[in-house]
Every structure is written in structure tokens, then in C-alpha cells.
Number of protein chains: 2
Amino acid sequence: MSPRKSAVETAATRTRIIECALTLASAEGLEGVTIGRLATELGMSKAGVIGHFGTKEALQLATLDAAVEKFADRVPARAAGADPGVDRLTRAFDEWIAYMADEGHGGCFLTSVATEFDGRPGPVRDAVLAALSRWSDYAAAELRTAVDAGDLPPDTDVDQLVFELGGVGLAAGQAIQLHRDPAAPERARRAIDRLLGR
Amino acid sequence: MSPRKSAVETAATRTRIIECALTLASAEGLEGVTIGRLATELGMSKAGVIGHFGTKEALQLATLDAAVEKFADRVPARAAGADPGVDRLTRAFDEWIAYMADEGHGGCFLTSVATEFDGRPGPVRDAVLAALSRWSDYAAAELRTAVDAGDLPPDTDVDQLVFELGGVGLAAGQAIQLHRDPAAPERARRAIDRLLGR
DNA sequence: TTAGCTACCGAACGATCGTATGCTTTTAGC
DNA sequence: GCTAAAAGCATACGATCGTTCGGTAGCTAA
């Protein structure tokens, strides 16, 4: 007779499942997260796992949502204290890079899922696109603030700058995750400082 | 009685399989290429498909090899005619971007496989790393030539520049493949021109 | 002519996939 | 104390996974 959980712990179980899915997806990709594997890893039955979500796609979306929320809690939230404009954006990118370099989650979850689903239309792709757009919009808004404040030249091409800053992030992710290059964070910071005219 | 193929056509069949695998992998990732699916797509049996390679991993490696060769034939080869240094490198990046923007193959095969396998040690990861390193080495060599020729400042940090150029390529790939942004190639070219001091 | 080699097929293997159904157990509200 | 909801388990389903095996058609060399 195993000890049973109270219904109030349902949300906790759901969180536990998603947490485990995040770990697995970091290594194997979102499509590599299998219900059977989750069940084994968590010591529960497949039905118990999927019962919380209904379908695998719903589980993928929930996992993605959790990753996005985690990112938002960590990166923009920690930069919120800095001065709007260049300061805040620099801080945000620093946090992003530190987040990618952290042990545990393999690089940037959003980036890898974006690559995994960029050729597969569907709700997952849509969700990834929406999340990345939010990040781009955030960066663009801070850049416009910086232009208005005179910290960046008035003729700054904001969209171009967002594009290039994103590229630095992607390069950092690859250097960290694939090449295991310890110099990557420093390189990324230097690139960003140059882009933001520091 | 079906018409039988001569033994001399074996290599052609192998090529056909790999070509099909490249197409499938562009949309679904290398792990998404299934022997059964290849067999269906090619109108042959699973045994006939896998017989040419022995193992799925061998098939993956062969597919990756083919993609690398295709890339080498297209990008550095077309830039070989340009003057060594900044000219040639600019040309190579232009070719890379045009290659990614081409319809048919979904973005940069190497980049997506790199993301797919960056957390999975093994021969595939090793092969991806080797291929990407060759590309980095190529870029670094051209940059050093440019420095020696005086087209770039003597204090140029070549590795940093390779890092940032790679980032522009990754950003272009994401913008093309995920965001379907038609302005991406132009943005990338502008970023590269600025990095190479044009 | 014949023996051997190669390419490929048809069939099957155990494993695992996602999903559905029907229990048992526990808890919450009355 | 009783009941309805639910969380989770056990089991099963059809499909597909990668791989193996034996057989056969067509070619080549002896």
C-alpha cells in the first residue's frame, strides 16, 4: 500500500511533471520528451502523467509555457531594477547570458525549441514565435528609450540592432552548449557592449 | 516481374536515400528521419534502405556528411574566386545567407543539427562540431589574411570577430526559417559589412 | 554452365510510442 | 458517516520504431 497524495497536491504533481519534462527536453529536445520516459523517471504510470494534460501536445505547450515563465522571472525581472534604456538592456542581456551558461538547463530552452519546430507549423511553433517576439519587442522598446534619452544616436536602426543583439545571444548559446567554450560569456558581453556603444 | 537494377546502380540508390533523408531532416530534424518513412517515400522496403548503412546512426552520419559536402561545394567554393581576405569572406557569407534563404532545404542544415545534438554526446555531435570548426577555421584564416593585408586593424581580435560573424549567420537563419522575414538577408549583409569595416 | 556476390524484398522480432478505458484509493463537502 | 469528484494505477490498443533473418533476382567471374 503506497501513501496516497491529497488532491491539494495535484498542482504540485503537475509542476513536478513539467519540471522533469524541462530537464529531459533540455537534453533531448521537446519532441524527445516521452510520456513513458516521464512516467519512469517520476515513478508513476503513463496514464497518471498524461492525465494532467490530455495530449502530448498540451504537455509540450505547458512545458514551453513553464520555460518562458522561468525565463521571464529570471531575465527581464532581474533587469527591471536598472535604469530604462541602455543600462537595463545591457543588464538583461547579461542575465540572459548568465542564464544560458548556468549548469542544469542546457543552454536557452527557447532557442533550441525554436530550431526544433521552425519547420513544423502548429501550436508549438506559434507559441515559440510569440515568446520570441515578446523578447524582441522588449529589446526594441528599451532601445527606443535609449534613443530618446540620447544614449544612442538618433538615426539608430532599432530593428537592425535587435537583429544583431539576438545574433550575439544565439552565438553565445552555441558556443556554450556545443563548443563548451568558457570564454563565450565574455565574448558575448564584449559584442553587446560594442553594439550598444559602450 | 519488376525491372531489376544492375549492381552498378547501387551508389545511385544510396544517393537517392541520402537526398531524401536530407529533405526529411530539413523539416523534422535528423532524429525525425525514420527508416520506415524513408522506405515509404522511396518506394522500397525498410531492409533495402538500412542495408546501405547498417545502422540508423550510420545513416545519420552519412546524411550529415552529404550536407557538409553540399555546403562546402556551394559556399566556400563559390567564394574561392574572390580575393583572399575581406573580399572572399564577404563573398562567402553572402553565399551562406543566400544558401539559407533558398527554398527547399530548411535553413542551414548544419545549424539545426548542431542545436539538435548539442546535448547528446556521440559520433553525430562530434561530426557536427568538426564541421563547424572547419567553417570557423576558414573564416579565421581569411580574417588573418585581411589583417596582414591591412584591410583590418592590426589589433583585430580574430576569434572575437569569428564569434560575432557566426552570430549574424545564426540570427539570419532564425529570421529566415522561423520568422520568415524577407528582410533578413539584407539585415545580415549590413551587419557583416559593418563587422568587416566596409 | 555454374558458383558466388550484391541489392533488395517480405516478414517478423521486441520495444516503445501516444492514447483510451476502467478500476481503486483518497479527499472534500454535505 | 456518506457520497461525489479526483488522482493515479493497471492494462490494453494499434502504430511505428530499429534491427534481423531468410530468400530471390540479376549480375559477374570462373
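Starting from 1, residues in each chain are numbered consecutively following that chain's sequence as written. All chains are assigned letters beginning with A, and all ligands numbers beginning with 1, in the order in which they are written. This being a predicted model, a pLDDT of at least 70 is required before a residue's local features are given, and a value of 80 or more before pairs of side-chain atoms are given or counted; all residues contribute to the totals for chains, interfaces and linings. The side-chain quantities take in all heavy atoms of the structure and omit both hydrogens and water.

Chain A is annotated in an unreviewed UniProt entry as TetR/AcrR family transcriptional regulator from Actinoallomurus vinaceus.

Take unusual backbone geometry next. Residues and elements named next belong to chain A. With phi around 50°, Arg 180 is a residue other than glycine that occupies positive phi space. Starting at the N terminus, helices and strands are each numbered in turn, a helix being any DSSP run of H or I of at least four residues and a strand any DSSP run of E of at least two. In this structure, Arg 180 sits in the loop between helix 8 (158–177) and helix 9 (184–195). Using a relative accessible area of 48% as the deciding quantity, one classes Arg 180 as partly exposed. A simple rule labels every residue: compare its accessible area, found with a 1.4 Å probe on the protein chains alone, to the largest value its type can have, and call it buried under 20%, exposed over 50%, or partly exposed in between.

So, about the UniProt feature "domain: HTH tetR-type" (unreviewed entry) in chain A. In the numbering adopted here, UniProt assigns the feature "domain: HTH tetR-type" (unreviewed entry) to residues 11–71 of chain A. Across residues 11–71 of chain A, helical content stands at 77% and strand content at 0%; the span's end C-alpha atoms are separated by 21 Å. UniProt positions are given in the numbering used here, feature names are shortened, and annotations may be inferred rather than shown by experiment.

It is worth spelling out the interface of chain A and chain B at this point. Much of the literature gives interface size as the accessible area that the parts lose upon coming together. Facing 35 residues of chain A, the contacting portion of chain B comprises 35 residues. Here's the idea: put two parts together, see how much 1.4 Å probe accessible area each one loses, and the total over both is what we call buried area. Taking both sides of the interface into account, the surface hidden between chain A and chain B amounts to around 3200 Å²; carbon and sulfur atoms contribute 56%. For chain A, the biggest contributors to the area lost against chain B are Phe 163, Leu 178 and Arg 187 of chain A; these three give 22% of the whole. We define a salt bridge as a side-chain nitrogen of Lys or Arg found within 4 Å of a carboxyl oxygen belonging to Asp or Glu. Where chain A touches chain B, the interface holds four salt bridges. Close ionic contact of Arg 190 of chain B with Asp 157 of chain A constitutes a salt bridge, the shortest N to O distance being 3.0 Å. For this analysis, a polar contact is any N or O atom pair within 3.5 Å, provided that within protein one partner can donate a hydrogen and the other can accept it, and provided that sequence-adjacent residues contribute only side-chain to side-chain pairs. Joining chain A to chain B, the criterion identifies twelve residue pairs in polar contact (both at pLDDT 80 or more). Contributions of two or more residues to the side of chain A that touches chain B are made by helix 1 (10–28), helix 6 (109–117), helix 7 (123–149), helix 8 and helix 9 of chain A. The contact criterion used throughout is that any non-hydrogen atoms of two residues lie within 4.5 Å.

The next subject is the domain arrangement of chain A. Residues and elements named next belong to chain A. Note that the domain bounds were set by an automatic or database domain assignment. Along its sequence, chain A is organised into domain 1 (3–62) and domain 2 (75–195). Put simply, the middle of domain 1 and the middle of domain 2, counted by C-alpha atoms, are 29 Å apart. For the domain 1 and domain 2 pair, buried surface summed over both sides reaches about 790 Å², with 67% attributable to carbon and sulfur atoms. For the pair domain 1 and domain 2, the number of links is one salt bridge. We note a salt bridge from Glu 31 to Arg 120, for which the minimum N-O separation is 3.0 Å. Applying the counting rule to domain 1 against domain 2 returns three residue pairs in polar contact (both at pLDDT 80 or more). Listing elements by their share of the side of domain 1 that touches domain 2, those giving two or more residues are helix 1 and helix 4 (56–79).

Grid points spaced at 1 Å and placed over the protein atoms alone form the basis of the search, with a cavity being a set where a 1.4 Å probe fits but cannot get out and a pocket an open set showing protein on both sides within 12 Å along at least five of seven lines. Lining residues have an atom within 4 Å of a point. Grid points are joined across faces, edges and corners, and a volume is the space filled by probe spheres set on the points. By the definition in use, this model includes two cavities of 30 Å³ or more. One number sums up the size of the largest cavity: a volume of about 80 Å³. Glu 164, Gly 167, Val 168, Ala 191, Arg 194 and Leu 195 of chain A together with Glu 164, Gly 167, Val 168, Ala 191, Arg 194 and Leu 195 of chain B together form the lining of the largest cavity. Secondary structure elements with two or more residues in the lining of the largest cavity: helix 8 and helix 9 of chain A together with helix 8 (158–177) and helix 9 (184–195) of chain B. The nonpolar class holds Ala, Val, Leu, Ile, Met, Phe, Trp, Tyr, Cys and Pro. Asp, Glu, Lys and Arg form the charged class, and all remaining residues, Gly among them, are polar. Here the lining of the largest cavity is built from residues that sort into six nonpolar, two polar and four charged. In this structure, the second largest cavity spans a volume of roughly 30 Å³. Lining the second largest cavity are Ala 67, Val 68, Phe 71, Tyr 99, Cys 108, Phe 109 and Leu 110 of chain B. Those elements that provide at least two residues to the lining of the second largest cavity are helix 4 (56–79) and helix 6 (109–117) of chain B.

For the rest of this paragraph, the subject is the pattern of salt bridges. For the structure shown, the criterion picks out 26 salt bridges over all chains. Across the salt bridge formed by Arg 91 of chain B and Glu 95 of chain B, the nearest N and O atoms sit 3.3 Å from each other. Of this pair, Arg 91 of chain B and Glu 95 of chain B both sit in helix 5 (residues 86–101), four residues apart, which is roughly one turn of that helix. Given the relative accessible area of 10%, Glu 95 of chain B is considered buried. When salt bridges that share partners are traced, they join Arg 74, Arg 78, Arg 91, Glu 95 and Asp 102 of chain A into one network.

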